[in-house]
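Commentary on secondary and tertiary structure
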Amino acid sequence: MQKIPVIIDCDPGHDDAIALVLAFATEKLDIKAVTVTGGNQTLAKTLRNAKKVLCCLGKQPPVAAGADKPMFRDLEIAAEVHGESGLDGPNLPDPPWEELPMPAWELSRDIILQSRQPVTLIPTGPLTNIGILFTAYPEVKRNIARISLMGGSVMAGGNWSAAAEFNILVDPEAADIVFRSGVPITMSGLDVTHKALILPEELESIRALQGPVPRMVAELIDFYYKYHAAQGFPGAPMHDPCAVAAVAAPELFTMRDMRVDIETKGAHTTGMTLADIRSWSDAKPNVSVCLDIDRPAFARMLISACKNYH
Ligand code: BDR
Ligand code: CA
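Residues numbered from 1 in each chain as written. Chains lettered and ligands numbered in written order. Predicted model: local features only at pLDDT ≥ 70, side-chain atom pairs only at ≥ 80, totals over all residues. Heavy atoms only, no water.

Reference values for angles at a metal are 109.5 degrees in the four-donor tetrahedral case and 90 or 180 degrees in the six-donor octahedral case. Taken together, Asp11 (OD), Asp16 (OD), Asp16 (OD), Thr124 (O) and Asp240 (OD) make up the protein donors of the calcium ion (ligand 2), found 2.2 to 2.6 Å from the metal. Ordering the donors of the calcium ion (ligand 2) by residue number gives the pattern D-x4-D-x107-T-x115-D. Here Asp11, found in the loop between strand S1 (4-10) and helix H1 (14-25), pairs with Thr124, found in the loop between strand S4 (119-123) and helix H5 (128-136); they are 113 residues apart in sequence, far enough to count as distant. Classification of Asp11 by relative accessible area gives buried; the value is 0%. (Donors = N, O, S within 2.8 Å, 3.2 Å for Na, K, Ca; no water. Helix = DSSP H or I, 4+ residues; strand = E, 2+ residues; numbered from the N terminus. Buried < 20%, exposed > 50% of the residue type's maximum accessible area, 1.4 Å probe, protein only.)

Encoded structure:
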């Protein structure tokens, strides 16, 4: 089996951390690097969190820090969801190793240009690092197979504003660059991630596995689910793991190709992913939008990923 070379760009974040758990347990993926952006918390915190999670997994891929703020705006964080550390809940030791000295976009450029097989990007935070990469080194686009991102929403409304999902809202200009790049995009937005729930009984079956990784995942979900339970979710929405699963197990998803554009200047709609859902539209699709998921199979995939480290 030929593995799919991927770069994960994240802002951990509880669900980013679980996306890393899933990705490193998935034999189909060859993770070339983990790059980090500011998003759920400041860059210093998301970088520390990424390294802590990788340490817990016993993995040490190349790691590079990226942007500490969006391309043209100030950083907005999500401490309400992810806590002061960005990864509140589990008590994870600081890793004894350092990230690479080069910025995320330079590491990504080198990996993409040197790869014999086209690389897949999996961004699970604001798209700033990819926006900078495409602006500074547009030649990389030729050797990118696909971008499988978590962000946006075409019919489910927003979560950080009435119109916009957090990752797109934080850096809409970067998202605009990515969505107009011509690189094929798979979008796991709120339409599907709000269905990708881990239910309380599934959380308990993860906890029962024991070992440092299942314990970390269970403690992450314990903290993260409190916020979502208060909003009425019957389980914890696994936003970012969807972007990994859409590469490793696309058969779990129902997707539809659409034209999706980013609103960057709206009075009320900045960060909206405006999808042309007209059946008679002749707009050329740029995104495969995930609309539904085989939730039980997705939950089984996540639980078996946790077992992988057991
Ligand atoms: C996205 O926002 C962040 O809080 C999560 O990590 C996820 O990437 C969901 O809107
Ligand atoms: Ca994220």
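Now that the structure is up, let's keep going.
Counting across every chain of the model gives 1 aromatic pair. A centroid spacing of 5.0 Å and a plane angle of 75 degrees characterise the contact between Trp160 and Phe166, whose relative ring orientation is edge-to-face. Given a relative accessible area of 5%, Phe166 falls into the buried group. When the ring centre of Tyr137 is taken as origin, the NZ or CZ atom of Arg109, which lies over that ring, is 4.5 Å away. (Phe/Tyr/Trp six-rings, centres within 6.5 Å; stacked < 30°, edge-to-face > 60°. Lys NZ or Arg CZ within 6 Å of the ring centre and 35° of its normal.)

Across the 8 residues that make up helix H7 (residues 172-179), a large majority, 7, are buried. All buried positions along H7 are accounted for by Pro172, Glu173, Ala174, Ala175, Asp176, Val178 and Phe179.

On to the nonpolar core. If you look at the biggest cluster of nonpolar residues, it comprises 72 residues, and the most contacted ones within it are Leu57, Ile221, Met238 and Phe253. Examining the composition of this core, we find that 9 residues originate from one element, H1, more than from any other. Sequence-distant contacts of Phe253, defined by excluding residues within four places in its chain, comprise Val192, Cys242, Ala245, Ala246, Cys290, Asp292 and Ile293. Among the nonpolar cores identified, the runner-up in size contains 37 residues, and Ala67, Ile144, Met258 and Val289 belong to it. (Core = buried A, V, L, I, M, F, W, Y, C linked by side-chain atoms within 4.5 Å. Contact = heavy atoms within 4.5 Å.)

For strand S5 (residues 144-150), the tally of buried residues reaches 5 of 7 residues, placing the bulk of the element in the interior. The sheet contact formed by S4 and S5 spans 3 bridges and is parallel. Bridge pairing in S5 places Val119 opposite Ile144. For the segment spanning S4, H5 and S5, crossover handedness is right-handed. (Pairing = 2+ DSSP bridges. Right-handed = clockwise from strand over helix to strand, strands pointing away.)

Okay, helix H12 (residues 295-308) next. Quick reminder: α-helices carry 3.6 residues per turn. Residues three or four places apart thus point the same way. The terminal C-alpha atoms of H12, which comprises 14 residues, lie 20 Å apart, in line with the 20 Å expected from a rise of 1.5 Å per residue. Within the span of H12, buried status applies to Arg295, Ala297, Phe298, Ala299, Met301, Leu302, Ile303, Ala305 and Cys306. Structurally, H12 contributes buried residues whose contacts are with H1, strand S7 (197-198), helix H9 (200-207), helix H10 (212-230), helix H11 (239-248) and strand S11 (287-293). (Expected span 1.5 Å × (residues − 1).)

Let's shift gears to the sheet that holds strand S6 (residues 185-188). Backbone-to-backbone hydrogen bonds pair the strands of a sheet. The strands run either parallel or antiparallel. Strand order in the open sheet made by the 9 strands is S3-S2-S1-S4-S5-S6-S11-S9-S10, with mixed pairing throughout. Of all the strands in the sheet, just strand S3 (63-65) and strand S10 (273-276) have a single pairing partner and so form its edges. Ignoring which end each strand starts from, the neighbouring axes of this sheet average 30 degrees apart. Across 3 bridges, the pairing between S6 and S11 is parallel. Paired with Thr186 across the strands is Ser288, a residue of S11. Packed onto the sheet, H1 meets S1 and strand S2 (29-36) and runs at close to 155 degrees relative to S2. Lying over the sheet, H7 contacts S5, S6, strand S9 (253-262), S10 and S11, oriented at roughly 115 degrees with respect to S9. (Axes fitted to C-alpha atoms, helices over the stretch in contact; angles between N-to-C directions.)

Residue Pro12 is joined to Gly13 through a cis peptide bond whose omega torsion reads -10 degrees. Along the chain, Gly13 turns up in the loop between S1 and H1. Here the phi dihedral of Gln210 falls at roughly 65 degrees; this positive angle occurs in a residue that is not glycine. With respect to the element layout, Gln210 can be found in the loop between H9 and H10.

By themselves, these observations are geometric and do not establish any function.
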